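# Secondary and tertiary structure notes
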Amino acid sequence: MTIPLPVILDALSEYPITSNIRYPDQLRFSWASFLPEQGQQPQEDRLYLCTLEQARRVGKGFEQCCFLCVSDDPAAAECLPPNCILAGKIDSVVSLARLVQERICLIRDWSAQLYETTMENPSYQQLLDLSEPVLGNPVYILDASYKLLAFTQNILDDDAIDIHLRETGYHSEDALVAFRNCNRFQAYQNDVGVLVNPPGNPNKYATVSKWLWDRGMPVVHLIMVCSNREPDSSLLGLFEIVAQNCAKRFRQQQNAAPHTG
């Protein structure tokens, strides 16, 4: 599997980060490693860890690669070579590797658990139970009729819309009217990706949502309420991993018993 770059860089949230990369949210890596030995072929799905001086020296032979660097030069962030990210206030490449590789191992282990669980034809609740500690925000999964299928059991929010959903298993009529008035339904119909809604639209908190589609029809709706953590690029990447596994679960369920949720 590969991991979105923002999810990896979340391990360095306590450190200043400067980058010279186009479209960083689109980059994904299987692992982070030191530069290969001379003569070895670089791998584009690796995030290479090195000093800034090394990145400048070898960059011409690694045009398609991405470097995550450290430097002892206070002015280093002012002029970075292409495809380079600088992590400030980290004393060595070894320290950088420890932080980054621990993060990658955590996400890979979690993803492996999701994959193994998905292969056993789990419920959506099982997938959320595994994902709850990683996401840190409440998540709800509904079917196309807005019936509640699963939600995080230990992380809840105090939005009146969601309290009613948890207590009854359905959205209230007032909530559905509010969704319609703010064009939420129209946005869902026109978008198959991740949709980020600001607070008050109409939920109390910002939300991240995604519809899963089957044969041109929306079938399963995931919504994350950002009551504990803001919807940054790292969180969106983690949410996508959950959505991908929920989509696998739906496909498996359809293969076993077509036209069911």
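Up top you'll find the structure we're talking about.
Here we summarise the structure given alongside this text. As the structure is a computational prediction, the values presented were derived from the model and not from experiment.

## Describing the overall build of the protein
Secondary structure assignment for the protein yields eight helices and 12 strands. Taken along its principal axes, the extent of the C-alpha atoms in the protein is 60 × 40 × 35 Å. For the protein, buried positions account for 47% of its 261 residues. Expressed as a percentage of contacts within the protein between residues at least 6 apart in sequence, the contacts between residues at least 24 apart total 50%. With the model as given, the accessible surface of the protein reaches about 13,400 Å², and the carbon-plus-sulfur share is 50%.

## Concerning unusual backbone geometry
Between Asn201 and Pro202 the backbone carries a cis peptide bond, its omega angle lying at -5°. Within the fold, Pro202 resides in the loop between strand E10 (195-197) and strand E11 (207-214). Positive phi outside glycine occurs at Tyr23, with the angle close to 55°. Among the structural elements, Tyr23 can be located in the loop between strand E2 (17-20) and strand E3 (28-29).

## Section: the environment of Ser19
With respect to the helices, strands and loops of the structure, Ser19 is situated in strand E2. Judged by its relative accessible area of 43%, Ser19 is partly exposed. For Ser19 and Tyr140, which are 121 residues apart along the polypeptide, the C-alpha to C-alpha distance reads 34 Å. Setting aside residues up to four positions removed in sequence, Ser19 forms contacts with Leu80, Cys84 and Ile85.

## Thoughts on the pairing of strand E8 (residues 139-143)
Along E8, five of the five residues are buried, which leaves the element largely enclosed by surrounding structure. Residues Val139, Ile141 and Asp143 point to one face of E8 and Tyr140 and Leu142 to the other, with burial holding for every one of them. Two strands pair when backbone bridges link them, and E8 and strand E12 (residues 217-225) are joined in this way by five bridges, in the antiparallel orientation. Paired with Ile141 across the bridge in E12 is Leu222. The pairing of E8 with strand E9 (residues 148-151) spans three bridges and is antiparallel. Opposite Leu142, over in E9, you have Leu148 as the bridge partner. Counted between consecutive antiparallel strands, the loop separating E8 from E9 contains four residues, among which Tyr146 sits at a positive phi close to 65°.

## A look at the nonpolar core
By size, the foremost hydrophobic cluster in this structure holds 51 residues, and its most contacted members are Leu12, Leu68, Leu96 and Leu222. If near-sequence neighbours (up to four positions away) are discounted, Leu96 is found in contact with Leu12, Leu49, Leu68, Cys69, Val70, Ala87 and Ile90. Among the nonpolar cores identified, the runner-up in size contains 15 residues, and Leu148, Phe179, Tyr205 and Trp211 belong to it.

## Regarding the sheet that holds strand E4 (residues 31-34)
On the basis of which strands lie adjacent, the open sheet formed by five strands has the order E2-E7-E6-E5-E4 and mixed pairing. Pairing within the sheet leaves two strands with one partner each, and these edge strands are E2 and E4. Averaged over all adjacent pairs, the angle separating strand axes in this sheet is 25°, with direction ignored. Two elements, E4 and strand E5 (residues 46-51), share four bridges in a ladder whose sense is parallel. Residue pairing for E5: Phe34 is matched across the bridge by Leu49. Running at roughly 160° to E4, helix H3 (residues 93-119) makes contact with E4, E5, strand E6 (66-70) and strand E7 (84-87) of the sheet.

Cut-offs applied
Note that residues are indexed from 1 along each chain, following the sequence as it is written. Under the rules for a predicted model, residues below a pLDDT of 70 receive no local features and side-chain atom pairs below 80 are neither given nor counted, while totals for whole chains, interfaces and linings still include all residues. Processing note: side-chain calculations cover all non-hydrogen atoms of the structure and skip hydrogens and water entirely. Numbering of helices and strands runs from the N terminus; a helix is a DSSP stretch of H or I covering at least four residues, while a strand is a stretch of E covering at least two. Partly exposed describes any residue whose relative accessible area lies between the buried limit of under 20% and the exposed limit of over 50%, with all areas from a 1.4 Å probe on protein chains only and scaled to the type maximum. In what follows, residue pairs with any heavy atoms lying within 4.5 Å of each other are defined as contacts. Shrake-Rupley sampling with a 1.4 Å probe provides the accessible areas, and residues are treated as covered by the protein chains on show and by no other component. Criterion used throughout: strands pair if DSSP finds at least two bridges between them. Here, nonpolar core means buried Ala, Val, Leu, Ile, Met, Phe, Trp, Tyr and Cys residues that are tied together by side-chain atoms lying within 4.5 Å of each other. The angle between two axes is taken between their N-to-C directions and runs from 0 to 180 degrees, where each axis is a line fitted to C-alpha atoms and a helix contributes only its stretch in contact.

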